[in-house]
Amino acid sequence: MKEKKEQVTIVLPHLPEKEASPNHTRGKDWGGLYKAQKIQHEEVIILVRNEGVPDEPWEKAHLHILWRAADKRRRDGDNLLSAMKGHIDGLHYSGLIKDDSAQILSISSDYEEAAEKYETIMEITKTENTRA
C-alpha cells in the first residue's frame, strides 16, 4: 500500500540560477531564460519523483522556500522568487500539484545568510481544499 504523503521537501544544492532571473535577461535573451527554466523543471521533477508523487495531484498546497546563502551578500527576495519560476513550474509538471496558480498554490519564503552552504529548500505541504 502506497503511503499518502502530506508534505514533500526538496533540497536544491544552490540558490536560483541568475540565468533564470528575468532581471538577468532584461528582455534580451529569452532563449537563455527558457533554457534555464527548462533545466529547473527537470531538476524538480526528478527530486519530486524521488520523494514519491501522489496518485492524484494535490488540489491545494502551500510552498515555503528557504534560501540559505554561505555569504552575507544582500539579495532581493522578489528577484530570488522570480528566478524560481522554473522550479515552481516543475512542481506542477511532476504531478505533485494540480497547477501553480494563486488559487492552488500559496507561497512564503525566508532568507538565511552566513549559512554553512548555499541551498534552496522547498517545502510543499498539502492543504485543505476549502476556504477559511
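Residues numbered from 1 in each chain as written. Predicted model: local features only at pLDDT ≥ 70, side-chain atom pairs only at ≥ 80, totals over all residues. Heavy atoms only, no water.

Here the focus is the pattern of salt bridges. Evaluated as defined, the whole model comprises 7 salt bridges. When the shortest N-O distance is used, the salt bridge between Asp89 and Lys85 registers 3.1 Å. Here the residue Asp89 and the residue Lys85 both occupy positions in helix H4 (residues 85-93), the gap between them amounting to 4 residues, near one helical turn. Residue classification places Asp89 among the buried residues on the basis of a relative accessible area of 9%. Residue class for Lys85 comes out partly exposed when judged on its relative accessible area of 42%. When salt bridges that share partners are traced, they join Arg68, Glu112 and Glu119 into one network. (Salt bridge = Lys/Arg side-chain N within 4 Å of Asp/Glu carboxyl O. Helix = DSSP H or I, 4+ residues; strand = E, 2+ residues; numbered from the N terminus. Buried < 20%, exposed > 50% of the residue type's maximum accessible area, 1.4 Å probe, protein only.)

Further remarks concern the environment of Lys85. Along the backbone, Lys85 and Ser21 are 64 residues apart, and their C-alpha atoms lie at a distance of 8.5 Å. Leave out the neighbours within four places in its chain, and Lys85 touches Gln37 and Gln40. (Contact = heavy atoms within 4.5 Å.)

Turning to the environment of Asn23, a few remarks are in order. Its location among the elements puts Asn23 in helix H1 (residues 22-25). Overall, Asn23 belongs to the partly exposed group, its relative accessible area being 34%. For the pair Asn23 and Ser82, spaced 59 residues apart in sequence, the C-alpha separation works out to 8.7 Å.

Turning next to the sheet that holds strand S1 (residues 7-12). Strands sit in the order S1-S4-S2-S3 across an open sheet of 4 strands; the sheet is mixed. The two strands at the open ends of the sheet, each matched to only one other strand, are S1 and strand S3 (105-112). If you compare each strand with its neighbour and ignore which way they point, the axes differ by 15° on average. Across 8 bridges, strand S2 (residues 61-68) lies against S3 in parallel orientation. Note that in S3 the partner of His64 across the bridge is Ser108. (Pairing = 2+ DSSP bridges. Axes fitted to C-alpha atoms, helices over the stretch in contact; angles between N-to-C directions.)

With that out of the way, let us pick up the pairing of S2. Pairing geometry for S2 and strand S4 (residues 119-126), over 8 bridges, is antiparallel. The residue of S4 that forms the bridge with Ile65 is Met122.

This brings us to the confidence of the model for the chain. Mean pLDDT over the chain: 89, with 89% of residues reaching 70 or higher. When the elements of the chain are averaged for pLDDT, H1 gives the smallest value, 67, and S2 the largest, 98. (pLDDT = per-residue confidence, 0-100.)

In this section: the nonpolar core. In terms of nonpolar packing, the biggest core is built from 22 residues, with Ile10, Leu63, Leu91, Leu96, Ile97, Met122 and Ile124 touching the most fellow members. Breaking this core down by element, the ones donating at least two residues are S1, helix H2 (30-51), S2, H4 and S4. Among the elements that take part in this core, S2 stands out by supplying 4 residues, more than any other. Setting aside chain neighbours within four positions, we find Ile124 in contact with Glu6, Gln7, Val8, Ile10, Trp58, Ala61, His62, Leu63, Leu91, Leu96 and Ile97. (Core = buried A, V, L, I, M, F, W, Y, C linked by side-chain atoms within 4.5 Å.)

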